[in-house]
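As a plain string of letters, each chain reads:
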Amino acid sequence: FDLPGVPQEGVRTVSFAHGRVNLLAAACWDQHVRIYDVDKRNLQSTYTHGGAVLDAVFSPSNDFVYSGGADNQLRRYNVTADTALALGSHEKPVSAVRFDADSGLVFSGSWDASVKVWDPRQATSVCDLPQPAKVFAMDAKCGYVVVGTAGRSVQVYDARKLSSPMQRRESPLKYQTTCIGLFNDGACYERR
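The rules behind the values
Residues numbered from 1 in each chain as written. Predicted model: local features only at pLDDT ≥ 70, side-chain atom pairs only at ≥ 80, totals over all residues. Heavy atoms only, no water. Salt bridge = Lys/Arg side-chain N within 4 Å of Asp/Glu carboxyl O. Buried < 20%, exposed > 50% of the residue type's maximum accessible area, 1.4 Å probe, protein only. Pairing = 2+ DSSP bridges. Helix = DSSP H or I, 4+ residues; strand = E, 2+ residues; numbered from the N terminus. Axes fitted to C-alpha atoms, helices over the stretch in contact; angles between N-to-C directions. Phe/Tyr/Trp six-rings, centres within 6.5 Å; stacked < 30°, edge-to-face > 60°.

Novice: Could you give an account of the pattern of salt bridges, naming the residues involved and the relevant values?
Specialist: Within the structure shown, the criterion is met by seven salt bridges. Measuring nitrogen to oxygen at the nearest pair gives 2.8 Å for the salt bridge that ties Asp30 to Arg34. When sorted by exposure, Asp30 lands in the same class as Arg34, which is buried. Taking the shortest distance from any N to any O, the salt bridge between Asp158 and Arg160 comes out at 2.8 Å. It is possible to trace a salt-bridge network through shared partners that takes in Asp55, Arg98, Asp139 and Lys141.

The structure is reproduced here in structure tokens:
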């Protein structure tokens, strides 16, 4: 299965659109986010960051792609209008981006040891969640957010009460968590 317009450098993450829409967003080391129509096997659009793109995710409606990267920026791309804008920034690279459909919030994790919470209708962060170390992994689903950081720390938040984590854990794994995911019912998380 081949897609045209593949990057010359590596792909950091991929994200499929929700539902029956067969779009794929690829966050690439060459500073681009590529959006493919998988059914038609074509490159639908691209947009650029000022550094390597470390993560990208579709909004629940598939109208927007949110991405973050080594330029410290969180960007929002309008898939229909083919326009991108900087939603906000961190002090260091944005390593993880997630959209929680239940809360309607966007979460960006960074190597500056913080998770910022964004209302997608605003261009400012509505909340800043300090983390014990660099954020390497994150997921948001069913009103919950789980964050994996350097130093094997795992924080679990209720998106309705972000003032403090509802759980703080040390991963039983020997090394830091680089990928983490909530189950679809939000009941618990898996580490890889």
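There's plenty left to go through after this.
Novice: If you had to explain the sheet that holds strand β1 (residues 11-16) to someone new, which residues and values would you point to?
Specialist: Sheets are built from strands that pair by backbone hydrogen bonding, the pairs being arranged parallel or antiparallel. The antiparallel open sheet is built from four strands, whose spatial order is β1-β2-β3-β4. Looking at which strands have only one partner, the edges of the open sheet turn out to be β1 and β4 (42-48). The mean inter-strand angle of the sheet, taken between neighbouring strand axes irrespective of direction, is 20°. Alignment of β1 against strand β2 (residues 23-28), held across five bridges, turns out to be antiparallel. Paired with Ser15 across the bridge in β2 is Ala25.

Novice: Before we move on, can you summarise the packing of aromatic side chains with the specific residues and values?
Specialist: Each aromatic ring pair is characterised by the separation of its centres together with the angle its planes make. Under the definition given, this model contains three aromatic pairs. Between Tyr47 and Tyr77 the ring centres are 4.5 Å apart and the planes differ by 5°, which places this aromatic pair in the stacked class. In this pair, Tyr47 is assigned in strand β4 and Tyr77 in strand β7 (residues 73-78), connecting sequence segments 30 residues apart. With respect to burial, Tyr47 and Tyr77 carry one shared label: buried. Between Tyr66 and Phe99, the aromatic rings sit 5.7 Å apart at their centres with planes inclined by 50°, giving tilted as the arrangement. Of this pair, Tyr66 sits in strand β6 (residues 64-69) while Phe99 sits in strand β9 (residues 94-100); the two residues are 33 residues apart in sequence, bridging distant segments of the chain.

Novice: Which residues make up the pairing of strand β10 (residues 105-110), and what values go with them?
Specialist: Regular strands place side chains that alternate from one sheet face to the opposite one. Most of β10 sits inside the fold, with six of its six residues counted as buried. Here β10 shows no split at all, with Leu105, Phe107 and Gly109 on one side and Val106, Ser108 and Ser110 on the other all buried. Of the pairings in the sheet, the one linking β10 to strand β11 (residues 114-118) comprises five bridges and is antiparallel in character. The partner of Val106 across the bridge, within β11, is Trp118. Connecting the antiparallel pair β10 and β11 is a turn made up of three residues, with Ala113 showing a positive phi of about 65°.

That is the geometry; function is a separate question.
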